[in-house]
Amino acid sequence: MTAQVIDGKAFAAKVRAQVAEHVDRLKADHGITPGLAVVLVGEDPASEVYVAHKHKATVEVGMASFEHKLPTDTPEEELFALIDQLNADPAVHGILCQFPVPDHLDERRTVARIDPAKDVDGLSVTNAGLLATGGKALVSCTPLGCLMLLRDQLDTLSGLNAVVIGRSNLFGKPMAQLLLQQNCTVTIAHSRSQDLPGICRGADILVAAVGRAEMVKGDWVKPGAAVIDVGITRTEHPEKPGKTRLVGDVDFDSASEVAGAITPVPGGVGPMTIACLLANTLTACCRAHGLEEPEGLTA
Ligand code: NAP
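Thresholds applied
Residues numbered from 1 in each chain as written. Predicted model: local features only at pLDDT ≥ 70, side-chain atom pairs only at ≥ 80, totals over all residues. Heavy atoms only, no water. UniProt positions renumbered as here; feature names shortened; annotations may be inferred. Pairing = 2+ DSSP bridges. Helix = DSSP H or I, 4+ residues; strand = E, 2+ residues; numbered from the N terminus. Axes fitted to C-alpha atoms, helices over the stretch in contact; angles between N-to-C directions. Contact = heavy atoms within 4.5 Å. Domains from an automatic or database assignment.

Taking an unreviewed UniProt entry as the reference, the protein is identified by name as Bifunctional protein FolD belonging to Litorisediminicola beolgyonensis. The heading Function (unreviewed entry) in the UniProt record of the protein holds the text "Catalyzes the oxidation of 5,10-methylenetetrahydrofolate to 5,10-methenyltetrahydrofolate and then the hydrolysis of 5,10-methenyltetrahydrofolate to 10-formyltetrahydrofolate."

What follows concerns the sheet that holds strand 3 (residues 64–70). Read from one edge to the other, the open sheet built from three strands follows the order 3-2-4, with strand pairing classed as parallel. Here the strands that pair on one side only, and so sit at the sheet edges, are strand 3 and strand 4 (94–97). Adjacent strand axes in the sheet meet at a mean angle of 15° when their direction is disregarded. Bridge count for strand 2 (residues 35–41) against strand 4 is four bridges, and the pairing is parallel. If you follow A37 over to strand 4, its bridge partner there is I95. The strands that helix 2 (residues 45–60) touches are strand 2, strand 3 and strand 4; relative to strand 3, the one it contacts most, it runs at about 160°.

Partitioning the protein into structural domains gives domain 1 (31–116) and domain 2 (141–271). Between domain 1 and domain 2, the C-alpha centre-to-centre distance is 29 Å.

Right, let's get into the sheet that holds strand 6 (residues 185–189). If you walk across this open sheet you meet the six strands as 1-11-8-7-5-6, and the pairing is parallel. The sheet is open, and its two edges are formed by strand 1 (4–5) and strand 6, each paired on a single side. Note that strand 5 (residues 161–165) and strand 6 share five bridges and pair parallel. Bridged to A162 within strand 6 is V186. Strands in contact with helix 6 (residues 141–153) are strand 1, strand 7 (205–208), strand 8 (226–229) and strand 11 (261–262); relative to strand 8, the strand with the most contacts, it is inclined by about 160°. Along the sheet, helix 7 (residues 172–181) makes contact with strand 5, strand 6 and strand 7, crossing strand 5 at roughly 170°.

Below is the structure:
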């Protein structure tokens, strides 16, 4: 079998177009412009690139983008004063603090300071709790993106066996909750799991979020399974000395011989993350104004 390769870039473009259309309607019908505030503390070059991408994507869908760059030595009180100000600002519907923050700041405390209704990264205890208990959560962007890809790919997820490798708060746990919500039978595997290949072979849906290059081999994959590769690792290029390339957690060549559908790295899950950040900002805006939520863009 040769798997269908899931084009995350094309799907993310569709999601962004849907968001843009909805934003246009909000402006025309209600005079509301959704706004996303991104806070960056310090000068981490990778974070600066991510923040620039987020700004560009936000503006492209017609939302307001508020960027706040703070120096590395910003005391916690100052960061929290800014977050309080953004929490109170009616023009801001989503707030994201770019991680990692410098060592003297605490990520958990920072997330906890953000109003859960504006926590578009879905990282707060409130949103994690709402997701786990079937409430109206804002869901962490990458798992939400994976769910959208799976819903698009499969007629139904109900009753399928799903295996998520990885149990991080950022990805593995919310992904498992989303699959459970879709009536999958969910197994969460991690570094202490025994017989990982055997566990994976039972999966109709296999989601790998580990960060270990090409760990999941073709003979771990159930024939016809949907394989979602979240991992990103930069490795040496096998054919171009001195060059690097990005690879996922799944050995694409062998897995794509067995799977029914598979996401590539790059170009699979990655592009969905920013698309879902925009979708979450739109959702937060609609909720803040008591308006109907955008269809297909929430969990
Ligand atoms: P993380 O916090 O480091 O979690 C990794 C998970 O993998 C942990 O639960 C760990 O288990 C598990 N693990 C480690 N070695 C394992 C092994 N040999 N067998 C089975 N499980 C193992 O990472 P994360 O934030 O969830 O991210 C995971 C990967 O996804 C990374 O490559 C990251 O770059 C990527 N990612 C991509 C996007 C995107 O595309 N936008 C977004 C988020 C993450 P323990 O809990 O037992 O330690």
